[in-house]
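This is what each chain is made of:
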There are 2 protein chains.
Amino acid sequence: MSLIKSVEVTPIAFRDPPLLNVYGIHEAWALRTIIEVHTEEGVYGLGESYGDQQTISQLKQVAPHLIGMDVFHLNAIRQKIEKVVTLPDPKSGLEIAPGTLGATTVPRIFSAYEVACLDVMGKLTGRPVCDLLGGKVRDEVDYSAYLFYKYERHGFTNDSWVDKWGEALTPEGIVAQAKKMIGEYGFQSIKLKAGVFEPLEEIKALKALREVFPELPLRIDPNGGWSVEMTKKLLPEFSEGLLQYLEDPAPGKVAMGEVSAVTDIPLATNMCVIGYFDVPEAIERDAVQVILSDHHYWGGLRATQELARLCKTWNIGLSMHSNSHLGISLMAMTHAAATIENLTYACDTHYPWQEEEVIKGGKIKFNNGAVVVPDKPGLGVELDREALAALAENYKNCGIRERNDVTEMQKYQLDWQGTVPRF
Amino acid sequence: MSLIKSVEVTPIAFRDPPLLNVYGIHEAWALRTIIEVHTEEGVYGLGESYGDQQTISQLKQVAPHLIGMDVFHLNAIRQKIEKVVTLPDPKSGLEIAPGTLGATTVPRIFSAYEVACLDVMGKLTGRPVCDLLGGKVRDEVDYSAYLFYKYERHGFTNDSWVDKWGEALTPEGIVAQAKKMIGEYGFQSIKLKAGVFEPLEEIKALKALREVFPELPLRIDPNGGWSVEMTKKLLPEFSEGLLQYLEDPAPGKVAMGEVSAVTDIPLATNMCVIGYFDVPEAIERDAVQVILSDHHYWGGLRATQELARLCKTWNIGLSMHSNSHLGISLMAMTHAAATIENLTYACDTHYPWQEEEVIKGGKIKFNNGAVVVPDKPGLGVELDREALAALAENYKNCGIRERNDVTEMQKYQLDWQGTVPRF
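## A closer look at the overall build of chain A
- Of the regular secondary structure elements, chain A holds 13 helices and 14 strands.
- Sorting the 423 residues of chain A into buried and exposed places 65% on the buried side.
- When contacts within chain A are restricted to residue pairs at least 6 apart in sequence, those whose partners lie at least 24 apart make up 74%.
- Summing over all exposed atoms, chain A offers an accessible surface of approximately 15,400 Å²; the carbon and sulfur share of this is 50%.

## Points about the relation of the copies chain B and chain A
- Mapping chain B onto chain A calls for a rotation angle of 180° and an axial translation of 0.0 Å; the resulting RMSD is 0.0 Å. Interpreted geometrically, this transformation is the action of a two-fold axis. Nearest to the rotation axis, the C-alpha of Glu306 of chain B is located 2.6 Å from it, this being the minimum over chain B.
- Here 100% of the contact residues of chain B are again contact residues in chain A; the copies associate through an equivalent surface.

## Points about unusual backbone geometry
- Following Val420 of chain A, the chain continues into Pro421 of chain A via a peptide bond in cis, with omega recorded as -10°.
- For Pro421 of chain A, the position within the fold is in the segment after helix H13 (405-412).
- Of note in the backbone geometry, Asn315 of chain A takes a positive phi value of approximately 55° without being a glycine.
- Among the residues examined, Asn315 of chain A registers a relative accessible area of 71% and is labelled exposed.
- Even without a glycine there, the phi angle at Glu240 of chain B is positive, about 55°.
- Along the chain, Glu240 of chain B turns up in the loop between helix H6 (228-234) and strand E10 (245-247).

## Quick look at the environment of Trp226 of chain B
All names here are of chain B.
- Tracing the chain through its elements places Trp226 in the loop between strand E9 (218-221) and H6.
- When the C-alpha positions of Trp226 and His65 are compared, they lie 44 Å apart, and in sequence the two are 161 residues distant.
- Setting aside residues no more than four positions away along its own chain, Trp226 makes contact with Pro199, Glu202, Ile220, Thr231, Leu234, Phe238, Leu246, Pro249, Ala250, Pro251, Pro421 and Phe423.

## Considerations on the packing of aromatic side chains
Residue and element names in this part refer to chain A.
- Scanning the model with the defined rule gives 29 aromatic pairs over all chains in all.
- Here Tyr245 and Tyr345 contribute two aromatic rings whose centre-to-centre distance is 5.1 Å and whose plane-to-plane angle is 85°, an arrangement assigned as edge-to-face. Separated by 100 residues along the polypeptide, Tyr245 in strand E10 (residues 245-247) and Tyr345 in the loop between helix H11 (327-339) and strand E14 (370-372) bring together distant segments of the chain. Each member of the pair, Tyr245 as well as Tyr345, carries the same accessibility label: buried.
- Summarising the aromatic geometry, the rings of Tyr276 and Trp298 are spaced 5.0 Å apart at their centres and angled 90° between planes, so their arrangement reads as edge-to-face.

## Thoughts on the nonpolar core
- Counting residues in each nonpolar core, the largest one holds 272 residues, and the members touching the most others are Ile81, Tyr113, Leu209 and Phe238 of chain A together with Ile81, Tyr113 and Phe238 of chain B.
- For Ile81 of chain B, the contacting residues outside a window of four places in its chain are Val62, Leu66, Val106, Ile109, Phe110 and Tyr113 of chain B.

## Examining the sheet that holds strand E4 (residues 29-39) of chain A
Residue and element names in this part refer to chain A.
- An order of E1-E4-E5 is seen for the 3 strands of this open sheet, with the pairing classed as antiparallel. Pairing within the sheet leaves two strands with one partner each, and these edge strands are strand E1 (4-15) and strand E5 (44-50). Geometrically, the sheet is characterised by an average inter-axis angle of 20° between neighbouring strands, direction not taken into account.
- Against the sheet, helix H1 (residues 53-66) makes contact with E1, E4 and E5, and its axis sits at roughly 165° relative to E1, the strand it touches most.
- The strands touched by H11 within the sheet are E4 and E5, with E5 carrying the most contacts at an inclination of about 100°.

## Considerations on H1 of chain A
Residues and elements named next belong to chain A.
- Over its 14 residues, H1 extends 20 Å from the first C-alpha to the last, a length consistent with the 20 Å expected when each residue adds 1.5 Å.
- Those residues of H1 that fall on the buried side of the exposure criterion are Thr55, Ile56, Gln58, Leu59, Val62, Ala63 and Leu66. All buried residues of H1 project into a common sector of 165° when viewed along the axis, lining one side.
- For H1, the secondary structure elements touched by its buried residues are E1, E4, E5, helix H2 (74-84), helix H3 (100-125) and helix H12 (385-398).
- Positioned one or two residues after H1, Gly68 has a phi angle of 90°, which is positive.

## Observations concerning the interface of chain B and chain A
- With 36 residues of chain B in contact, the opposing surface of chain A contributes 36 residues.
- Counting each side, the surface lost to burial between chain B and chain A is near 2,800 Å², with a carbon and sulfur contribution of 51%.
- Counting across the interface, chain B meets chain A through 6 salt bridges.
- Residue Arg309 of chain B pairs with Glu306 of chain A through a salt bridge whose shortest N-O separation is 2.6 Å.
- For the pair chain B and chain A, the interface holds 20 residue pairs in polar contact (both at pLDDT 80 or more).
- Counting only elements with at least two residues in the side of chain B that touches chain A, the list comes to helix H2 (74-84), helix H3 (100-125), helix H8 (279-284) and helix H10 (301-313) of chain B.
- Sorting elements by how many residues they give to the side of chain B that touches chain A places H10 of chain B first, with 8 residues.
- For the side of chain B that touches chain A, the per-class residue count stands at 15 nonpolar, 10 polar and 11 charged.

## With respect to the pattern of salt bridges
All names here are of chain A.
- Applying the stated rule across the entire model yields 54 salt bridges over all chains.
- Ionic pairing is found between Glu382 and Lys123, a salt bridge with its closest N-O pair at 3.5 Å. Residue Glu382 is located in the loop between E14 and H12, and its partner Lys123 is located in helix H3; the two are separated by 259 residues in the primary sequence.
- Residues Arg403 and Asp405 are paired through a salt bridge, measuring 2.7 Å at the closest nitrogen-oxygen approach.
- When its relative accessible area of 47% is taken as the criterion, Arg403 is described as partly exposed.
- Overall, the relative accessible area of 6% leaves Asp405 in the buried class.
- In the salt-bridge network here, residues are joined through shared partners; they are Lys191, Lys193, Arg219, Asp221, Glu247 and Asp348.

## Quick word on the packing of helix H10 (residues 301-313) of chain A against H10 of chain B
- H10 of chain B packs onto H10 of chain A with a crossing angle of 75° between their chain directions and a minimal axis gap of 9 Å. By the angle class used here, H10 of chain A and H10 of chain B are roughly perpendicular. Mapping the contact onto sequence places Ala303, Gln305, Glu306, Arg309, Leu310 and Thr313 of chain A in H10 of chain A and Ala303, Gln305, Glu306, Arg309, Leu310 and Thr313 of chain B in H10 of chain B.
- Class assignment for the residues of the contact of H10 of chain A with H10 of chain B results in 4 nonpolar, 4 polar and 4 charged.

## Observations regarding the sheet that holds strand E7 (residues 145-148) of chain A
All names here are of chain A.
- If you walk across this open sheet you meet the 7 strands as E7-E8-E9-E10-E11-E12-E13, and the pairing is parallel. Strands with a single pairing partner mark the edges of an open sheet, and in this sheet they are E7 and strand E13 (317-320). For this sheet, the mean angle separating the axes of adjacent strands, direction not counted, is 25°.
- In the sheet, strand E9 (residues 218-221) pairs with E10 via 2 bridges, with the strands oriented parallel. Residue Ile220 lies in a different strand from E10, and its bridge partner there is Leu246.

## Some words on helix H13 (residues 405-412) of chain B
Residue and element names in this part refer to chain B.
- Taken together, the buried positions of H13 are Asp405, Glu408 and Met409. Across the axial projection of H13, the buried residues extend over an arc of 100°, all falling on one side.
- Tucked inside the fold, the buried residues of H13 contact strand E2 (20-21) and strand E3 (24-25).

## Quick look at the confidence of the model for chain A
- When pLDDT is averaged along chain A, the result is 97, and 100% of the positions lie at 70 or above.
- ipTM for the predicted complex: 0.96, alongside a pTM of 0.97.

## Details of the pairing of E4 of chain A
Residues and elements named next belong to chain A.
- In terms of burial, E4 is a largely internal element, 11 of the 11 residues being buried.
- By the alternation rule, side chains of E4 split into Trp29, Leu31, Thr33, Ile35, Val37 and Thr39 and Ala30, Arg32, Ile34, Glu36 and His38, which are all buried.
- The pairing of E1 with E4 spans 11 bridges and is antiparallel. In the strand pairing of E4, Ser6 is matched with His38.

## Digging into the environment of Leu87 of chain B
Residues and elements named next belong to chain B.
- By the secondary structure assignment, Leu87 is in the loop between H2 and H3.
- According to the relative accessible area criterion, Leu87 is partly exposed, its value standing at 38%.
- In sequence terms Leu87 and Ile34 are 53 residues apart; their C-alpha atoms lie 21 Å from each other.
- Aside from chain neighbours lying at most four places away, what touches Leu87 is Gln58, Leu101, Gly102 and Thr105.

Rules used in this analysis
Residues numbered from 1 in each chain as written. Chains lettered and ligands numbered in written order. Predicted model: local features only at pLDDT ≥ 70, side-chain atom pairs only at ≥ 80, totals over all residues. Heavy atoms only, no water. Helix = DSSP H or I, 4+ residues; strand = E, 2+ residues; numbered from the N terminus. Buried < 20%, exposed > 50% of the residue type's maximum accessible area, 1.4 Å probe, protein only. Contact = heavy atoms within 4.5 Å. Areas by Shrake-Rupley, 256 points an atom, 1.4 Å probe, with all protein chains shown as cover. Least-squares fit on C-alpha atoms with pLDDT ≥ 70 in both. Phe/Tyr/Trp six-rings, centres within 6.5 Å; stacked < 30°, edge-to-face > 60°. Core = buried A, V, L, I, M, F, W, Y, C linked by side-chain atoms within 4.5 Å. Pairing = 2+ DSSP bridges. Axes fitted to C-alpha atoms, helices over the stretch in contact; angles between N-to-C directions. Expected span 1.5 Å × (residues − 1). Arc of directions from axis to C-beta. Buried area = accessible area lost by both parts, 1.4 Å probe. Salt bridge = Lys/Arg side-chain N within 4 Å of Asp/Glu carboxyl O. Polar contact = N/O pair within 3.5 Å; in protein donor to acceptor, adjacent residues only side chain to side chain. Nonpolar A, V, L, I, M, F, W, Y, C, P; charged D, E, K, R; others polar. Parallel < 35°, antiparallel > 145°, perpendicular 65-115°, else oblique. pLDDT = per-residue confidence, 0-100.

Structure below.
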């Protein structure tokens with residue numbers, strides 16, 4: 001028995017560059033929560049999750065109910081969370097479809113605790129987390145360069161912080177960003193966040209990337225920013241293998257199915273298939289050929305493995321989605337991805353966009369775009385408590401409590417709506 | 001690191017009563033294989049699998065390739081088996097459909113080793129196997145009474161062994177068998193193996209069971225022995241909730257889909273959905289509402305959990321299938337079933353039909369039809385080496401090398417064919 005003695009849930013904020021997307025622009029601070037699970041024998045484990053108020057309050061709400069539970073009893077912990085977590089009011093607008101509030105809440109809250117418990121289990125057994133998931137099938141996990149259109153600096157902050165990446169508002173700017181990022185990280189594939197400019201302008205950037213990086217697989221993700229009609233019109237632009245996959249061109253399973261019916265380019269999603277409840281319809285419609293998994297909302301690392309089995313069964317590709325995150329999440333992603341044979345695409349990560357860290361030793365190193373799967377017990381990272389305190393202080397002072405790219409963009413452009421499809 | 005030092009694969013045979021089914025009759029000996037995985041630190045783990053020559057030779061063939069591998073590296077072990085195992089000749093008749101030889105072989109061979117490795121992992125970490133699968137969600141696992149039509153004794157053996165169960169060839173005989181078995185084991189649900197006599201005669205037995213056990217859920221399994229037409233004609237006999245589920249009335253996914261379309265009675269299968277490769281078509285046809293999982297051929301305990309996720313996603317019920325087996329398999333089933341929330345039906349087991357054991361302490365006890373999930377490290381059972389030697393001696397002497405209920409039945413009835421559907 002290894003019983004949970006206490007749980008710490010610490011909201012943090014860290015610098016985030018002015019990255020553009022179809023909804024608007026990233027605010028000056030990204031929010032996140034660090035979860036610590038401490039056991040009676042004095043071992044602790046780490047989790048990292050979203051930093052919106054809803055998630056923070058749910059994480060805190062379930063915490064006392066986990067005290068006295070065995071960290072190995074992940075299934076019972078999931079059941080406990082399901083039983084005690086307060087779901088948002090159906091009128092809150094957070095319900096994706098009738099009945100989905102629990103189907104999206106429980107996996108999200110459980111995931112943070114599952115990772116922390118797996119970290120403890122690894123430390124107790126002297127095993128890296130991947131060994132508690134059946135062991136790695138690769139020694140390192142590939143990530144992709146995640147390019148964004150961006151301004152040089154935030155237009156509406158009180159301080160003078162400027163990220164190191166510079167402006168990128170043209171094909172040339174995107175190519176320069178790619179060169180810099182690939183120069184530093186060695187990524188072997190490239191994703192362009194799109195939906196910001198006219199599609200043909202963005203495709204110019206893709207083609208410019210193809211010229212400079214003829215061997216690297218390319219992806220483009222307009223976040224459902226294109227109509228079905230527009231997407232169909234654009235498809236010839238992607239001929240001759242320009243794309244490895246096309247991510248969420250149009251919004252929703254119906255639209256994606258309509259696009260899928262007229263192209264051989266694999267369609268990927270992290271938007272219209274975000275939980276098991278979405279899968280049957282997606283398969284029926286043949287709406288997606290690649291699912292971008294994300295343990296933070298699919299229900300943890302084991303749930304990600306179960307998704308992999310499901311993808312293998314229906315011959316659906318599997319890759320990994322990312323939000324702004326720090327090293328605990330990167331390590332959790334790396335351990336899970338290392339164990340999944342059919343996770344054959346390089347995973348997405350926002351990691352290069354963050355300068356700060358909450359783990360000892362600072363930012364995790366990439367070699368040729370890959371993260372080495374650690375052999376250390378647990379996740380293989382330790383909490384830097386000074387850094388945690390500083391980032392928690394940021395959270396208190398930053399004034400942001402919900403990520404909202406739309407309202408941030410409205411500061412730049414008064415009539416901004418941020419609705420999709422835009423084009 | 002906990003490296004595999006040696007592997008033992010021991011074929012065994014134990015007494016099996018003359019149980020009747022649609023194919024014919026059980027032979028006097030049931031075959032099985034006991035797998036031991038020994039690590040360099042002197043810990044061993046147990047697996048149990050089929051005892052046909054094909055399985056034995058494949059288990060032995062892969063064994064030397066596992067030496068030096070880490071018992072925690074289950075995914076790598078599966079990959080290794082996939083790489084080195086020799087698949088049967090496609091002309092052998094063992095291929096279910098083009099391309100399925102690997103899809104049925106690898107899970108079957110891997111499963112035996114996965115269980116043995118999990119047993120070691122449990123012993124090394126001081127944790128029951130269920131804790132390595134996310135922990136139990138129930139303290140005991142329910143099994144069902146598995147009734148068979150049977151003769152009093154085998155007609156064609158050289159010795160005088162007679163099982164304790166007596167003849168059961170009529171509704172009264174089946175009721176008497178149920179009373180005896182439930183008296184000893186306390187089972188809370190009942191399955192009747194059918195396909196032996198005219199369907200209406202067998203349904204008489206079901207209705208007699210319903211009278212004597214008004215509260216217990218009933219199932220009937222003719223092993224695909226009925227045609228679709230016959231099954232449709234019989235459906236009114238199952239009205240008023242006589243059945244918890246109807247198992248494999250007709251053979252194959254097409255036939256099951258046709259039956260399913262005209263009844264609300266859940267259809268269960270362990271015949272037309274025996275691996276992940278069967279699932280997409282089964283779902284498309286809505287051919288089955290309950291899958292009877294079996295870790296021995298679905299690919300182990302974690303693969304069974306993955307199947308559970310898949311069943312939950314499509315709202316398909318989940319229960320467990322059984323062949324003749326001993327206590328190592330029973331414990332593996334119990335650990336897996338304990339961790340699966342949506343395994344809500346009592347599992348099948350042939351266990352009462354076997355008198356012998358290969359584990360210390362003899363036969364595992366049932367309370368009210370349930371097996372308590374052990375808290376001991378690993379599976380919670382230890383090998384009785386004297387018993388193993390005796391059962392291995394049985395194997396050498398029994399003369400049987402492949403289970404064949406058809407040829408055994410031909411001894412009783414010269415023109416027996418054993419083809420389905422029979423009725």
